[in-house]
Amino acid sequence: MPMVKRLARWIGSGLLFLLIAIMLAPVVIPPFLDRIYYEGAPSDHFDGEHFFNPDEGEGEWVGDPTSRTEPRRRGSFVRGALFGDARPEWPDHVAVTPVIPEARVEGDRMVATWVGHATVLVQTQGLNILTDPIWSDHASPFPPLGPERVAEPGVRFADLPPIDLVLVSHNHYDHMDLPTLRRLWERDRPTIVTSLGNDAVIANAGAQAVTRDWGGRVRITDNVEVIVTRNHHWGSRWFVDRNRALWSSFVVRTPGGNIFFAGDTGPGDMRWPQEAAAYGPIRLALIPIGAFRFQPGQNWSGSHVGPDHAVQVYEALGAANALAIHWRTFRLSWEEIDTPRALLARHLAEAGISEDRFRAVPQGTVWAVPALAAR
């Protein structure tokens, strides 16, 4: 018995020291984990050390007032996810039928394939474009810990055509997946376009990226260019390197109509969609609809739009067509797996918008995007 009691005390002491270490980590560890990804002159969204949203605090709720709740702090959500809470259950696996895309789509014809989460293959003008590519099974710095993929990619990596252009919106693990970027770089050497500071992280994958501030442009071909545009989010790879790199959306200008990729974004001031629309008619918008509920009934958060804001983004863009992204792949928040699609259908109906124009489809769906109507 004395030996058992002594062992129990040792275990108890060890757990206590571990708890203390975890609590002190944010104070003790920052010098070792913090990274300076970017150095440059201060601006209206960079204070010389950290980036920030210039519209912070300007967001206005527009939607059903009965569905508004104050955004829950992400830390309390993470604690609940680790130690148990009352979140709706998700299936362990969602059946997906992978497709094999065309090798190239020439001219003004445009084909979009939702791979999963924020990853979309868009093919037009002879270019193969990928947004925030992730083929990993976990969106985490410590797999197999962290969010696990419940829906397989709608395109197997081996079936991907040669990729010419990759857009990386920010450095969160579910959007900047270094193992996938390494595979793409080693295989295809695509042009990787991202916002300031993220190239330093992507370099850890052995890949090179082209960076621009909001409003910056990258010429891809004679008739296609990428414009890095504003949205409302934040960035971090560790707990203490918050906002050392910038986040963004993108406009890809093509002769057959522009492509808009929202990346990961909250509503903010809701003026950023009009800023993107100013670059020309948007034929296809890729708009997030999921990971918005961090407490029961919540329909938006400071960092993520919900389906109601997604419809407002679509309208503000003046987009001809939209594809719903950022849902049904990784369980990142409180909503049931198909809640985003159900709420999107409701808000589209309320706005008088056809579901054929703003589609929420299964992974692996191939969509021949209609041409822009003559103006």
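What you see is a predicted model, and the numbers here were worked out from it, not measured in a lab.

### A short note on the confidence of the model for the protein chain
Working step 1: The predicted model of the protein chain averages 89 in pLDDT, with 83% of residues at 70 or higher.
Working step 2: The low-confidence segment residues 59-74, where pLDDT is below 50, has 37 contacts with residues more than four positions distant or belonging to other chains.

### Brief notes about the sheet that holds strand S13 (residues 358-359)
Working step 1: Spatially, the seven strands line up as an open sheet ordered S7-S8-S9-S10-S11-S12-S13, and their pairing is mixed. Two strands close off the open sheet at either side, each with one partner strand: strand S7 (217-219) and S13.
Working step 2: When strand S8 (residues 225-229) meets strand S9 (residues 249-253), the two strands line up antiparallel, connected through five bridges. Across the sheet, residue Thr 229 finds its bridge partner in S9, namely Ser 249.
Working step 3: Running at roughly 160° to strand S11 (residues 282-288), helix H7 (residues 307-317) makes contact with strand S10 (258-261), S11, strand S12 (321-325) and S13 of the sheet.

### Some details on the sheet that holds strand S3 (residues 127-131)
Working step 1: An order of S6-S5-S4-S3-S2-S1-S14 is seen for the seven strands of this open sheet, with the pairing classed as mixed. Taken across any chain shown, the strands that pair with only one partner, and hence form the sheet edges, are strand S6 (210-212) and strand S14 (366-368). In this sheet, adjacent strand axes meet at a mean angle of 20° when their direction is disregarded.
Working step 2: Bridging between strand S1 (residues 110-116) and S14 involves three bridges; their strand directions are antiparallel. Across the sheet, residue Thr 113 finds its bridge partner in S14, namely Val 366.

### Re the pattern of salt bridges
Working step 1: Scanning the entire structure with this criterion turns up 14 salt bridges.
Working step 2: The salt bridge partner of Arg 109 is Glu 102, with a shortest N-O separation of 2.8 Å.
Working step 3: The partner of Arg 253 in a salt bridge is Glu 225, with the nearest N and O atoms 3.3 Å apart. Here Glu 225 lies in strand S8 and Arg 253 lies in strand S9, a separation of 28 residues in the sequence.
Working step 4: On the accessibility criterion, Arg 253 (30% relative accessible area) is partly exposed.
Working step 5: When salt bridges with common partners are traced through the structure, they connect Asp 55, Arg 230, Asp 269, Arg 271 and Glu 275 into a single cluster.

### Focus on the side chain of Ser 333
Working step 1: Relative to the assigned elements, Ser 333 resides in the loop between S12 and helix H8 (339-351).
Working step 2: Within the structure, the side chain of Ser 333 is placed 2.5 Å from the side chain of Glu 335, a separation counted as a polar contact.

### Details of the pairing of S3
Working step 1: Buried residues dominate S3, accounting for five of its five residues.
Working step 2: Judged by which residues are buried, S3 turns out to be covered on both faces: Leu 127, Ile 129 and Thr 131 on one side and Asn 128 and Leu 130 on the other are all buried.
Working step 3: Two strands pair when backbone bridges link them, and strand S2 (residues 119-124) and S3 are joined in this way by four bridges, in the antiparallel orientation. Directly across from Leu 121, in S3, lies its bridge partner Leu 130.
Working step 4: Taking the residues that link successive antiparallel strands as the turn, the S2-S3 hairpin has two residues, and the phi of Gln 125 there is positive, at about 55°.

Parameters and conventions
- Along each chain, residues carry numbers from 1 onward, in the same order as the chain's sequence is written.
- The predicted nature of this model means local features are confined to residues of pLDDT at least 70 and side-chain atom pairs, given and counted, to a pLDDT of 80 or more, with totals for whole chains, interfaces and linings taken over all residues.
- Side-chain numbers here rest on the full set of heavy atoms in the structure, without hydrogens or water.
- Every residue gets a pLDDT, meaning the predictor's confidence in that residue, from 0 to 100.
- Note on definitions: a residue-residue contact is assigned when non-hydrogen atoms from the two residues lie within 4.5 Å.
- Pairing between two strands requires that DSSP report at least two bridges joining them.
- Only DSSP runs of H or I covering at least 4 residues are called helices, and only runs of E covering at least 2 are called strands; the numbering of each starts at the N terminus.
- Angular values range over 0 to 180 degrees, each being the angle between N-to-C directions of two axes fitted as lines to C-alpha atoms, with helices fitted over their stretch in contact.
- Each salt bridge in this description consists of a side-chain nitrogen of Lys or Arg and a carboxyl oxygen of Asp or Glu lying within 4 Å of one another.
- Whether a residue is buried, partly exposed or exposed follows from its accessible area with a 1.4 Å probe, protein chains only, as a fraction of its type maximum: under 20%, in between, or over 50%, in that order.
- In protein, a polar contact means a hydrogen-donor-capable atom and an acceptor-capable atom, both N or O and within 3.5 Å, with residues adjacent in sequence counting only if both atoms are side-chain atoms; elsewhere, any N or O pair within 3.5 Å suffices.

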